[in-house]
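Single-letter residue listing:
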Amino acid sequence: MTLATEHAVHPAFEKVRSHRIETLNINVEEYRHKKTGATHLHLASENDENVFFVALRTFPMDSTGVAHILEHTALCGSERYPVRDPFFMMIRRSLNTFMNAFTSSDWTAYPFATKNRKDFDNLLSVYMDSVFFSKLDEMDFAQEGHRVEFESPSDPSSPLVYKGVVYNEMKGAMSAPTSQLWQILSSHLFQTTTYHYNSGGEPDHITDLKYDDLLSFYRHHYHPSNAIFATFGNIPAHEHHERFETLALSRFEHQEVKLPVRDEKRFFSPIRVDQAYAVSEGEDTEGKTHVVMGWLLGHSFDLQENLEAHLLANVLLENSASPLLRALETTDIGHAPSPMCGLEDSNREMTFVCGIEGTEPQRASDVEALIEGVLKKVADEGVLEERLEAILHQLELHQREIAGDQFPYGLQLIMSAISPMVHGGDPVDLLDLEPVLVSLREKIKDKDFVPGLVRRMLLDNPHRVTLTLRPDDQMEINQQKFVADALARRKEALSEDERQLIIDRAAALEARQQRRDDDSILPKVDLGDVPLQLPEPEAIEATGFPATLYAQGTNGLVYEQVVLPLPSLSEEEQLLLPLYTTCLTEVGCGDLDYLQMQDRMSAESGGVSAFSVAKGRVDDVQQLTGYLVLSGKALARNQHKLTDLLRDILNGARFDETTRIRETVAQIRARREQAVTGSGHALAMGAASQGLSPGAQLAFRLGGMAAIKGIKALDDSLDDAEALKALCDHLAGIHARVQKQARQFLVVAEQEHLDAMVAGLTSSWPAVTTDSNDHWEVPGINETVKEAWLTSTQVNFCAKAFSTVAIDHPDAAALSVLGGFLRNGYLHRAIREQGGAYGGGAAQDSVNGVFRFFSYRDPRLLDTLDDFDAALSWLIDTDHDAQSLEEAVLGVISQLDKPRSPAGEAKHAFHSRLFGRTREQQQRFRERVLAVTIADLKRVTAEWLAPERASTAVISSSQHRETLEQAGLAIREL
């Protein structure tokens, strides 16, 4: 298919328009379903990763989480597929590159992506049936939403407790101060509209939701007349229409769907709010207050208003040279800028937020004065035109870049278009920014343009909230006591019949969870649909220069990396590596200070970063190799500027800017402390794995719980000037040795730019004299740990880890398949459905030679650890069918074949080769995965996963200290 190909329009649809966007290489086609009025946006592309997305406008007017719980429950069985869990079953029966569902503040969406046409048709049939003909069984509402049970389900003498997947998910999500900060701020900025409420659900309100409320919400909102369909890829729109019509739309008539869509009532004067958030009992509350200011702006779907708001936000906050971010970073009022800083444009009306974290409640007026002072100065003095040009350059680069390494590219484009479609704007406008960028380039020539934006949107805008969120070490205890007392009173009032009914319902739900449904009614792909091998981008070695080139379709961008082997580092220097790589692109360079360098990077590139990467050998995880990577991207017209920029950073980075480095440490601390509630499962697995290989230990010390504790201690020590000077000297010493290492280069660009880039590299980079004896070495390690990390959290994260094998070991393939097999067959049911955790599973990490179990946002602790062991017994003692094995194999292949962006494909190929992951080794692993048998799974379980060899780690709260100590876990305080 070519993008110019036109097809006849399906008779059930009418074509609204077609629009070509050259910068994205897509045709945007908009259609309307004649009978129901459903909208379909099709992004026609030559890309074979096809994306489907259906969204329903959902405007909840309370915080019971009805839209979120419905998103979960709708995927638990439908008219055509009346099995208990078709969504998770299809994950196992598919070669999808993405499957999920989202609840936003004012829409709920069900997207998937796949490169396989048969798989696309299979998933489409299940998604359409799940959305428009969902069963919504009351048992699924109890499992996914909330229910009350006895703590021991069959023992009425035990306390009553709340259970439910969404209930526990939101307890975990709302444990994060940043989540509370955003929700509280929103509730005051939006006092009369849907954004006042928590669409995910507040745990204390979720338990108010009734089953009949869920059914009513579904009947009102989940109708094609309220639906927005979007697709991306090389399947023609008329073929989608045929399926949409056959699978669902033909059965519906038009329905008026009345929603509370309106603008917020405006304030005539700013307001101030003071509220608390929970920290652990006895925790020091000094320096833990957040103060933020939020403004309500114009419509997000008005493209001119949207881009002007983005321009203003970038003027103020883009980087450390931006006036407002600079003020927030350098003030002594608090530790760091708030993570809320920036523009939120996904709601009907936009919000701009800025502020400080790590301050005191009494400093709120000082924060206001600081921010207002900066805004007045910008309004009075204006902004240099070259600075504004740099910001527009960033907007252009962002629009052009083909992303897709974390999220399918087509889905990212659809997500950009969904907000205007929900709110009545034009999705094409927001995808095709070029015309408005031209307009803005004219407007910024007027020196009063940006000052006018500052005054209109912020200084003269009275719809403003200043929120002070202070820590309270009694709040969580009081909240838990309130819930426990309410449940105790409820239990006391129960009759014998009511107690028995609770027991019977719990037993019925458990029986339903244990039931094995006939999954043969679900469509599937099988191993015959798996390609035997995938193409890899071709590497071209430059002549006479150590550069590897890849010709990729990058839509006018170029990517460049400088790669150097890590030099020998002491243990203390190893711990400083993350700080060194962060500072490398944040400090000044040569004659330029860090502010001037920030401006230079913004004007000449799409961003520059540095990172270290270390992996074991393919045949021995105890032998670690490490590299430092300096990476950047730019529009092709700036390719030589990018090369010079990377050269200057490596040759001239200044570690004498002590104040800047001090500020950077404080900001890293703030970010890391916030990571626990969102990434607790990964941190728990890292803690459990820390002793099993040098790579796992390094990851734990540089990026795990030990790193969070370490950065806190470092930050606390730097008030001493001598300690700060010593730190900067250490960083400069690391850099001096890095500069002497041999260099190689990676270049990714379109074919026509490669020769010029190599010529630029050759002229810009001088030869370097290397110290061939300066090798980085990390000693081997293999020892178990049993520990618990205590922090402020309402839920737990549990992990067990076992020492296993490297990627090229014959058992690595079976261990990789085993992770999915255990999740599908045992862990999902035991940990999520029955245990109530938001998630749980197991996986082989062959980079570090570790097999790991985990749970995520889990109400349980020791029972979950027992479930990990029980899963292994189940694997050994049970007879398993071929279908379960095939599903686990498909899961591994799906991960191996997950597509990346064009630049991402090239980077992945290069770095795989760098660490010995050759094409031949990867093909060998793929063939071994496809050949795994049930006997192999049982053999590797017995060989490598004996329970007595397990390392254990959990992240929990101080209220569980005694339980954890009794379980033999060493207590670690964060």
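Residues numbered from 1 in each chain as written. Predicted model: local features only at pLDDT ≥ 70, side-chain atom pairs only at ≥ 80, totals over all residues. Heavy atoms only, no water.

Thoughts on the overall build of the protein chain
Argument step 1. Tallying secondary structure elements over the protein chain gives 36 helices and 28 strands in all.
Argument step 2. Taking the principal axes of its C-alpha atoms as reference, the protein chain extends roughly 80 × 65 × 65 Å.
Argument step 3. Taken across its 974 residues, the protein chain has 60% of its residues classed as buried.
Argument step 4. Partitioning the contacts of the protein chain with sequence separation of at least 6, the portion at a separation of at least 24 is 82%.
Argument step 5. A gap of 2 Å separates the mean positions of the 95 positive and 144 negative side-chain charges of the protein chain. (Helix = DSSP H or I, 4+ residues; strand = E, 2+ residues; numbered from the N terminus. Buried < 20%, exposed > 50% of the residue type's maximum accessible area, 1.4 Å probe, protein only. Contact = heavy atoms within 4.5 Å. Lys, Arg positive; Asp, Glu negative; His and termini not counted. Charge placed at Lys NZ, Arg CZ, Asp CG, Glu CD.)

Considering the confidence of the model for the protein chain
Argument step 1. On average, residues of the protein chain score 93 in pLDDT, and 99% of them are at 70 or above.
Argument step 2. For the stretch residues 1-5, pLDDT sits under 50, and the model shows twelve contacts to residues farther than four places along the chain or on other chains. (pLDDT = per-residue confidence, 0-100.)

Some details on helix 35 (residues 934-944)
Argument step 1. Along helix 35, the residues classified as buried are I934, L937, V940, T941 and W944. What you see down the axis of helix 35 is that its buried residues fit within an arc of 130°, all on one side. Turned more than 90 degrees away from the buried face of helix 35, the exposed residues are A935 and A942.
Argument step 2. Against the buried residues of helix 35 lie strand 24 (797-803), helix 30 (812-834), helix 31 (862-877) and helix 32 (882-896). (Arc of directions from axis to C-beta.)

Considering helix 32
Argument step 1. Helix length check: helix 32, at 15 residues, gives a terminal C-alpha distance of 21 Å against a target of 21 Å (1.5 Å per residue), a fit within 8%.
Argument step 2. What helix 32 keeps buried is the set S884, L885, E886, E887, A888, V889, L890, V892, I893 and S894.
Argument step 3. On its buried face, helix 32 is in contact with helix 2 (86-92), helix 30, helix 34 (919-930) and helix 35. (Expected span 1.5 Å × (residues − 1).)

Digging into the nonpolar core
Argument step 1. Formed by 57 residues in total, the largest nonpolar core has its most connected members in L579, Y580, L584, L630, L727 and L731.
Argument step 2. Per-element tally for this core: the top contributor is helix 28 (residues 721-739), with six residues.
Argument step 3. Ignoring anything within four residues of it in the chain, the contact list for L630 reads E560, Q561, V562, L584, T585, V608, S609, A610, L646, I649 and L650. (Core = buried A, V, L, I, M, F, W, Y, C linked by side-chain atoms within 4.5 Å.)

Thoughts on the environment of S612
Argument step 1. Relative to the elements of secondary structure, S612 occurs in strand 20 (residues 608-617).
Argument step 2. Taking relative accessible area as the criterion, S612 reaches 28% and is therefore assigned partly exposed.
Argument step 3. For the pair S612 and P565, spaced 47 residues apart in sequence, the C-alpha to C-alpha distance is 9.4 Å.

Quick word on the packing of aromatic side chains
Two aromatic rings are characterised by how far apart their centres lie and by the angle between their planes.
Argument step 1. Counting across every chain of the model gives 34 aromatic pairs.
Argument step 2. Seen from their ring centres, F98 and F407 are 5.2 Å apart, and the 85° between their planes marks the pair as edge-to-face. Here F98 is found in strand 5 (residues 98-99), whereas its partner F407 is found in the loop between helix 13 (385-400) and helix 14 (409-423), with 309 residues between them in sequence.
Argument step 3. A relative accessible area of 12% places F98 in the buried class.
Argument step 4. We classify F407 as partly exposed; its relative accessible area is 24%.
Argument step 5. In textbook terms, an aromatic cluster arises when at least three aromatic residues are bridged by ring pairs, as seen for F52, F87, F88, F112, F120, Y127, F132, F133, F229, F244 and F252.
Argument step 6. R251 extends its terminal NZ or CZ atom over the ring of F133, reaching a point 4.0 Å from the ring centre.
Argument step 7. Lying over the aromatic face of Y826, R829 brings its terminal NZ or CZ to 5.5 Å of the ring centre. (Phe/Tyr/Trp six-rings, centres within 6.5 Å; stacked < 30°, edge-to-face > 60°. Lys NZ or Arg CZ within 6 Å of the ring centre and 35° of its normal.)

Remarks on the sheet that holds strand 24
Argument step 1. Spatial strand order, 25-26-24-27-23-28: six strands in an open sheet with mixed pairing. Looking at strand neighbours, the two that pair on one side only are strand 25 (839-845) and strand 28 (970-973), the edges of this open sheet. Here the strands of the sheet are splayed against their neighbours by 15° on average, with no regard to which way each runs.
Argument step 2. Relative to strand 26 (residues 850-856), strand 25 is paired through seven bridges, and the arrangement is antiparallel. Within strand 26, the position partnered with G841 by the bridge is F854.
Argument step 3. Along the sheet, helix 30 makes contact with strand 25 and strand 26, crossing strand 25 at roughly 170°. (Pairing = 2+ DSSP bridges. Axes fitted to C-alpha atoms, helices over the stretch in contact; angles between N-to-C directions.)

Quick look at the pattern of salt bridges
Argument step 1. Summed over the entire model, instances satisfying the criterion amount to 70 salt bridges.
Argument step 2. Residue R20 pairs with E22 through a salt bridge whose shortest N-O separation is 3.2 Å.
Argument step 3. Given the relative accessible area of 30%, R20 is considered partly exposed.
Argument step 4. One salt bridge connects K481 with D485, and the closest N-O pair in it is separated by 2.8 Å. Pair noted here: K481 and D485 are both in helix 18 (residues 475-492), with a separation of four residues, about one helical turn. (Salt bridge = Lys/Arg side-chain N within 4 Å of Asp/Glu carboxyl O.)

A word on the state of the cysteines
Disulfides are covalent bonds that connect the sulfur atoms of two cysteines.
Argument step 1. Tallying each qualifying case throughout the model produces zero disulfides.
Argument step 2. Summary of cysteine pairing: C341 is not part of a disulfide, and the nearest cysteine sulfur, belonging to C354, is at 5.9 Å. (Disulfide = S-S within 2.5 Å.)

Thoughts on unusual backbone geometry
Argument step 1. In this structure, L136 takes a positive phi of about 55° despite not being glycine.
Argument step 2. Its location among the elements puts L136 in the loop between helix 3 (117-132) and helix 4 (138-144).
Argument step 3. Judged by relative accessible area, which is 3%, L136 ranks as buried.
Argument step 4. In this model, R857 sits at a positive phi of 45°, which is unusual for a non-glycine residue.
Argument step 5. The topology assignment puts R857 in the loop between strand 26 and helix 31.

Quick notes on the environment of R348
Argument step 1. Looking at where R348 falls in the secondary structure, it is placed in the loop between strand 14 (342-344) and strand 15 (349-359).
Argument step 2. Take R348: its relative accessible area is 13%, and that puts it in the buried class.
Argument step 3. Taking the C-alpha atoms as reference points, R348 and L815, separated by 467 residues in sequence, lie 48 Å from one another.
Argument step 4. Beyond its immediate sequence surroundings of up to four residues, R348 is in contact with D106, Y195, V261, R262, D263, G298, H299, S300, F301 and H423.

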